[in-house]
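An overview of the molecular structure
Here is what each chain is made of, one letter per residue.
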Amino acid sequence: MLNTFRSLKNPNYRIWAGGALVSNVGTWMQRTAQDWLVLSELTQHNASAVGIVMALQFGPQLLLLPLTGMAADLLDRRKLLLCTQAAMGLLALGLGLLCISGRVELWHVYVFAFLLGCVTAFDAPVRQTFVSEIVSEQDLGNAVALNSTSFNAARMLGPAVAGLLISSVGTGWVFIINAFSFAGVIGSLLLLRTSLLRAAPRIKASRAGLAEGFRYVSSRPDLVSVMLMLFLIGTFGLNFPIFLSTMSVTAFHAGASQYGVLSSIMACGSVAGALMAAGRDKPRLALLLGAAALFGFGCALAAVMPNYWLFGVTLVIIGIAAQTFTTTVNSAVQLSTAPAMRGRVMAIVLAISAGGTPLGAPIVGWVADVFGPRWALGIGALSGFAAAAVGVRYLVKYHGLTLHFDSWRWRFALSGEQQH
């Protein structure tokens, strides 16, 4: 257990983690409120509109990729985070004021989602790589996993609180509260002891900077396989706002508070997955393969659940699998990438993860509208199984993975390793 929380021994990490937790709660409140605003207040349960909002919010991570990774490797990460977090707080405040005044329209949400996506495109890679300046290389994987734990612990509380607030005081106040929650992470950045930060290697500005990142990734079959797996699940599987909102509203005829509870239930599984990842010393591709397969199984099971609470139980499985997968991707890529390339490579990873949403979310939303939300979950299941197949191909080709039947059991073995 002590090994799981070892990064908290670092005073700077404790300050950073505390501020991030406050902000994460607000972020999940806003995500829930935004989905509900579009689905139930501005449209007649239009899942395609939710998909468009997701596309606009995550698309800029792909469009701005030539700039975001370079910014993370070139600029002072702490100062850049202060700017991005302040901008995100102002955007939340603006959308909240529009809602409270009764002037909000669907196109307003589209504009704010796109602007938030642009800011997040710069914020995400620097926030991920800034952790390497706070903790030692040995604790980096643990710190990444604990960040995911914090994010998903907030996910347990944020959606449920948002559901209650939407029902009692309205959607606009959720955005306002989120705006003020950014004071937590901004305050933590100002309180960090700069003398204890580990200086990251800086690069010179170059037009070839991003190209160097792509060349670096293309020379690494392991990174290529991991990113392809991430593309499949990130594009067609990690569309939870569509899955949960459409299942809640159309399949189970639930209200805002019940929708928030579903998000919190899945977050319980996500926290468990993140804590299990924090306890591991080293991420492995075999773990990614298993997590992808479990994700596919969980989505397939959720698609056939007959009632609200059984559906909620399957969300725990999906949460564990999704968080194990994404946390392992993050840790594996950062730990195996040269420090000077880390910002650009992580920008590519995040662009694949978020940039796939503009392609997948509208497709999944259309399937939910035309064929029903259960078929949309079926697409998520296929994405997990396809990603697992990519992992199997890599292990067979580069590590000699074999499968054979021995003593009435199927056994796997890698070349040069004992059977297991």
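Residues numbered from 1 in each chain as written. Predicted model: local features only at pLDDT ≥ 70, side-chain atom pairs only at ≥ 80, totals over all residues. Heavy atoms only, no water.

**Some remarks on the pattern of salt bridges**
Our working rule: We count a salt bridge whenever a side-chain nitrogen from Lys or Arg sits within 4 Å of a carboxyl oxygen from Asp or Glu. Every helix listed is a DSSP run of H or I at least four residues long, and every strand listed is a run of E at least two residues long, numbered separately from the N terminus. Throughout this description, buried means an accessible area under 20% of the type-specific maximum (1.4 Å probe, protein chains only), exposed means over 50%, and partly exposed covers the range between.
All chains considered together, the criterion is met by four salt bridges. We note a salt bridge from Arg-77 to Glu-133, for which the minimum N-O separation is 3.3 Å. With Arg-77 in helix α5 (residues 77-100) and Glu-133 in helix α6 (residues 106-134), this pair connects stretches of sequence that are 56 residues apart. Classification of Glu-133 by relative accessible area gives buried; the value is 6%. Across the salt bridge formed by Arg-127 and Asp-123, the nearest N and O atoms sit 2.7 Å from each other. Taken together, the residues Arg-127 and Asp-123, both in helix α6 and four residues apart, mark about one turn of the helix. Arg-127 sits in the partly exposed class, given a relative accessible area of 30%.

**Re helix α13 (residues 285-303)**
As a reminder, the rule being used: A helix's residues, less one, multiplied by 1.5 Å, set its expected span. In what follows, a contact means two residues having at least one pair of non-hydrogen atoms within 4.5 Å.
With 19 residues, α13 extends 27 Å between its outermost C-alpha atoms, agreeing within 8% with the 27 Å of an ideal straight helix rising 1.5 Å per residue. Looking at α13, one finds that the buried residues are Leu-285, Leu-288, Leu-289, Ala-291, Ala-292, Phe-295, Gly-296, Gly-298, Cys-299, Ala-302 and Ala-303. In the core, the buried residues of α13 are packed alongside α10 (221-236), α11 (240-251), α14 (308-336) and α17 (373-399).

**Remarks on the domain arrangement of the protein chain**
Many descriptions give the size of an interface as the accessible area lost when the pieces come together. The cut-off we apply is this: Annotation comment: domain bounds sourced from an automatic or database domain assignment. Buried area adds together the accessible area that both of two parts lose upon being put together, with accessible area traced by a 1.4 Å probe. The term polar contact refers here to a pair of N or O atoms within 3.5 Å; inside protein, the definition further demands a hydrogen-donor-capable atom paired with an acceptor-capable atom, and it admits residues adjacent in sequence only when both atoms are side-chain atoms.
Domain assignment breaks the protein chain into domain 1 (8-197) and domain 2 (209-399 + 410-415). Counting residues at the interface gives 49 residues for domain 1 and 54 residues for domain 2. Surface buried jointly by domain 1 and domain 2 totals about 4,000 Å² across both partners, of which 70% is contributed by carbon and sulfur atoms. Counting the surface domain 1 buries against domain 2, the share from its top three residues, Trp-36, Leu-65 and Arg-155, is 14%. Counting across the interface, domain 1 meets domain 2 through zero salt bridges. Between domain 1 and domain 2 we count five residue pairs in polar contact (both at pLDDT 80 or more) in total. Looking at the side of domain 1 that touches domain 2, the elements with two or more residues in it are α1 (11-41), α2 (47-58), α3 (60-63), α4 (65-74), α6 and α7 (140-168).

**Here's the deal with the packing of α11 against helix α16 (residues 357-370)**
Our working definition: Axis definition: a line fit to C-alpha positions, over the contact stretch in the case of helices; interaxial angles, taken between N-to-C directions, run 0 to 180 degrees. Oblique is the label for every angle not falling under 35 degrees (roughly parallel), over 145 degrees (roughly antiparallel), or within 65 to 115 degrees (roughly perpendicular). Two helices that cross are described as forming a left-handed crossing if the nearer one is turned anticlockwise from the farther one by less than a right angle, and a right-handed crossing if clockwise.
α16 packs onto α11 with a crossing angle of 15 degrees between their chain directions and a minimal axis gap of 10 Å. In terms of their interaxial angle, α11 and α16 are classed as roughly parallel. Like other packed secondary-structure pairs, α11 and α16 cross with a definite hand, here right-handed. Judged by residue contacts, Ile-242, Phe-243 and Thr-246 of α11 engage Ala-361, Val-364, Gly-365 and Ala-368 from α16.

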